[in-house]
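Architecture at a glance
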Amino acid sequence: LRALQAPTENPTGSGTTTGRWFAAALVASLVLGLALVLHYPQRSEQGIAQQIADEVANNHMKMRPLEVSTADLATARAFFTELDFSPTRSVGFDKQGSIMLGGRYCSIRGTAAAQFRYAGSNKQTYTLYQTLYDRQIFGALPRIEQGEQPLIRHSRGLEVSIWVEKGLLMARVTPGGE
């Protein structure tokens, strides 16, 4: 029995070298895997932000008819009864001289949202989107209430600002990157 339990010797002595190479390859694989795992969420969240920008830019370009025409947020709020949140005035949407034209239902990444259309003093149309913020769906996004700046993305020649405010994901589409 002791003869079976005795370590076998490699007459060439290459067993220790092979073992070292295997251990080094294993450590390198673990380090590479850890680096990818730690880096992937950031890249994935950046991709999600661009997907949001692409989706809201496409919605902006379609100019579908408004479902409620009003310049009053309270009136628009009363219309959006099918949402799980109440649309709110955003401090991140600071287009001086813009007038709300109304709103309509839409979605962002499959989540029900409110789309508000504004006419600027320069005769251009701006769009503000609001939906409940869920990090699992939308990834990590800046919170302007904590002093963070909105993400800026470009899609279809439009500038899209994305941020979280009052528990809502906000996305502002600005024509021509203004």
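Since the model is a prediction, treat every value here as computed from it, not as a measurement.

Parameters at a glance
Residues numbered from 1 in each chain as written. Predicted model: local features only at pLDDT ≥ 70, side-chain atom pairs only at ≥ 80, totals over all residues. Heavy atoms only, no water. Core = buried A, V, L, I, M, F, W, Y, C linked by side-chain atoms within 4.5 Å. Buried < 20%, exposed > 50% of the residue type's maximum accessible area, 1.4 Å probe, protein only. Helix = DSSP H or I, 4+ residues; strand = E, 2+ residues; numbered from the N terminus. Contact = heavy atoms within 4.5 Å. pLDDT = per-residue confidence, 0-100. Pairing = 2+ DSSP bridges. Phe/Tyr/Trp six-rings, centres within 6.5 Å; stacked < 30°, edge-to-face > 60°.

Within the largest apolar cluster, 21 residues are counted, with the highest numbers of intra-cluster contacts made by I108, L141, I162 and L169. If you list the elements that add at least two residues to this core, you get α2 (15–62), β2 (99–108), β6 (158–165) and β7 (168–175). L141 has contacts with Y133, E148, L151, I162, V164 and L169, leaving out every residue within four places of it along the chain. Among the nonpolar cores identified, the runner-up in size contains 16 residues, and L73, F80, L83 and M100 belong to it.

Here the focus is the confidence of the model for the protein chain. When pLDDT is averaged along the protein chain, the result is 84, and 74% of the positions lie at 70 or above. Per-residue pLDDT stays below 50 along residues 36–43; that stretch engages in 0 contacts with residues further than four places along the chain or on separate chains.

Both strand β1 (residues 68–69) and β2 contribute to a ladder of 2 bridges, which runs antiparallel. Residue pairing across strands places S69 opposite G102, the latter belonging to β2. Pairing between β2 and strand β3 (residues 111–119): 9 bridges, direction antiparallel. In the sheet register, R104 faces β3, and the bridge partner there is Q115. The turn joining β2 and β3, which pair antiparallel and follow one another in sequence, is formed by 2 residues; a positive phi near 50 degrees is taken by R109.

The next subject is the pairing of β6. The element β6 is extensively covered by neighbouring structure, given that 8 of its 8 residues are classed as buried. Sheet topology places strand β5 (residues 151–155) next to β6; 5 bridges connect them, and they run antiparallel. Following the sheet pairing, H154 is matched in β6 by E159. Linking two consecutive strands that pair antiparallel, namely β5 and β6, is a turn of 2 residues; a positive phi of about 55 degrees is found at R156 within it. Pairing of β6 with β7 involves 8 bridges; the strand directions are antiparallel. Counterpart to W163 in the pairing with β7 is M170. Hairpin connection between β6 and β7: a loop of 2 residues separates the two successive antiparallel strands, and K166 in this loop has a positive phi of roughly 55 degrees.

With that settled, the discussion passes to the sheet that holds β7. Taken in spatial order, the 7 strands make up an open sheet running β1-β2-β3-β4-β7-β6-β5, and their pairing is antiparallel. The open sheet has two edge strands with one neighbour each: β1 and β5.

Here we come to the packing of aromatic side chains. One pass over the full model with this rule turns up 4 aromatic pairs. Ring geometry for F79 against F80: centres 5.0 Å apart, planes inclined by 80 degrees, an arrangement best described as edge-to-face. The exposure class assigned to F79 is partly exposed, which follows from its relative accessible area of 26%. Ring centres of F80 and F116 lie 5.5 Å apart, and the angle between their planes is 70 degrees; on these two criteria the pair is classed as edge-to-face. With F80 in the loop between α3 (73–79) and β2 and F116 in strand β3, this residue pair connects regions lying 36 residues apart in the sequence. By relative accessible area, which is 1% here, F116 ends up buried. Here the aromatic residues F79, F80, Y105 and F116 are joined through ring pairs into a cluster of three or more.

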